[in-house]
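# Overview (structure and organization)
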Amino acid sequence: MKINWGTGIVIAIVAFMGFILFFVITMTTSHNANHDLVTEDYYKAELGYQKEIDAEKNAQIASTQIEIQKTSEGLMILFPEGYDDTNVKGMVSLYRPSNKNLDFNLPISLSNSHLLIPDNQLLDGRWDIKITWEHEGKDFLHKESITF
């Protein structure tokens, strides 16, 4: 049987459509590909976004800024002078973009104006750090991405 050019074009189009359809079905049914949102309650988090903007602005106009340093013991978060454990309340959120199962939150408990996140809690790779705290009735927010 001889295949003419019209039959060849139809076979090529059908093969290409089958190829694309195979990958669409594979990606939508695969459990290896996560199709999650960045946050679970995305729309609820969006409503409080103005408070976040104001808190971030408060942190930027403060006289001294928070510093994040990598040390041999882990990740050291240095608060400015004048901060101690009695007047600071807040949370440090560590978000791992590649795996939401590695995300964790730590309450802020200061000793000597610094907070240490131990090395054994952090895997190598990118981490997004979000530090929210309240000091003397004002809310503050510091966001930073690091590669550990």
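This write-up is about the structure you can find in this document. The model shown is predicted, which means the values in this text are computed figures rather than measured ones.

### So, the side chain of Glu52
If you trace the backbone, Glu52 turns up in helix H3 (residues 49-61). By relative accessible area, which is 19% here, Glu52 ends up buried. The contacts of Glu52, once residues within four sequence positions are left out, are Lys130, Leu141 and Lys143.

### Here's the deal with the pairing of strand E7 (residues 138-147)
Two elements, strand E6 (residues 126-135) and E7, share 10 bridges in a ladder whose sense is antiparallel. Each bridged residue has a counterpart across the sheet, and for Ile131 the counterpart in E7 is His142. Counting the residues between successive antiparallel strands, the hairpin from E6 to E7 contains 2 residues, one of them, Glu136, with a positive phi of roughly 55 degrees.

### Description of the sheet that holds E7
Judged by pairing direction, the sheet is antiparallel, and its 4 strands sit side by side in the order E4-E3-E6-E7 without closing on themselves. A single partner strand is all that each edge strand has here, and the edge strands are strand E4 (104-107) and E7. The average angle at which neighbouring strand axes cross in this sheet is 15 degrees, direction not considered. Its contacts with the sheet place H3 against E6 and E7, and it is angled at close to 85 degrees to E7.

### Quick notes on the sheet that holds strand E1 (residues 67-70)
The strand order across the open sheet built from 3 strands is E1-E2-E5, with neighbouring strands paired in antiparallel fashion. At either end of the open sheet lies a strand with only one pairing partner, and these are E1 and strand E5 (114-118). This sheet shows a mean twist of 20 degrees between the axes of neighbouring strands, independent of strand direction. Both E1 and strand E2 (residues 74-78) contribute to a ladder of 4 bridges, which runs antiparallel. Directly across from Lys70, in E2, lies its bridge partner Leu75.

### Points about the pattern of salt bridges
Scanning the model with the defined rule gives 3 salt bridges in all. In this structure, the salt-bridge partner of Glu52 is Lys130, at a minimum N-O distance of 3.0 Å. Separated by 78 residues along the polypeptide, Glu52 in helix H3 and Lys130 in strand E6 bring together distant segments of the chain. Salt-bridge contacts for Asp128 lead to Arg126; the nearest nitrogen and oxygen are separated by 3.0 Å.

### Details of unusual backbone geometry
The backbone of Glu136 shows a phi angle near 55 degrees, a positive value even though the residue is not glycine. Along the chain, Glu136 turns up in the loop between E6 and E7. The exposed category is assigned to Glu136, whose relative accessible area is 68%.

### Overview of a nonpolar patch on the surface
A cluster of nonpolar side chains, Trp5, Ile9, Ile13, Phe16, Met17, Phe19, Ile20, Phe22, Phe23 and Val24, forms an exposed patch at the surface whose accessible area comes to about 1,100 Å². Considering the arrangement of structural elements, one finds Phe22 in helix H1 (residues 5-29).

### Let's talk about H3
Between its terminal C-alpha atoms H3 stretches 19 Å, which fits the 18 Å expected from 13 residues at 1.5 Å a residue. Along H3, the residues that are buried comprise Glu52, Ala55 and Ala59. Projected onto a plane normal to the axis of H3, the buried residues spread over an arc of 65 degrees and lie on a single side. Facing away from the buried side of H3 by more than 90 degrees, the exposed set consists of Gln60 and Ile61. Its buried side turned inward, H3 meets E6 and E7.

Quick notes on the rules
Residues numbered from 1 in each chain as written. Predicted model: local features only at pLDDT ≥ 70, side-chain atom pairs only at ≥ 80, totals over all residues. Heavy atoms only, no water. Helix = DSSP H or I, 4+ residues; strand = E, 2+ residues; numbered from the N terminus. Buried < 20%, exposed > 50% of the residue type's maximum accessible area, 1.4 Å probe, protein only. Contact = heavy atoms within 4.5 Å. Pairing = 2+ DSSP bridges. Axes fitted to C-alpha atoms, helices over the stretch in contact; angles between N-to-C directions. Salt bridge = Lys/Arg side-chain N within 4 Å of Asp/Glu carboxyl O. Patch = residues over 30% accessible without salt bridge, like charges linked within 9 Å, V, L, I, M, F, W, Y side chains within 5 Å. Areas by Shrake-Rupley, 256 points an atom, 1.4 Å probe, with all protein chains shown as cover. Expected span 1.5 Å × (residues − 1). Arc of directions from axis to C-beta.

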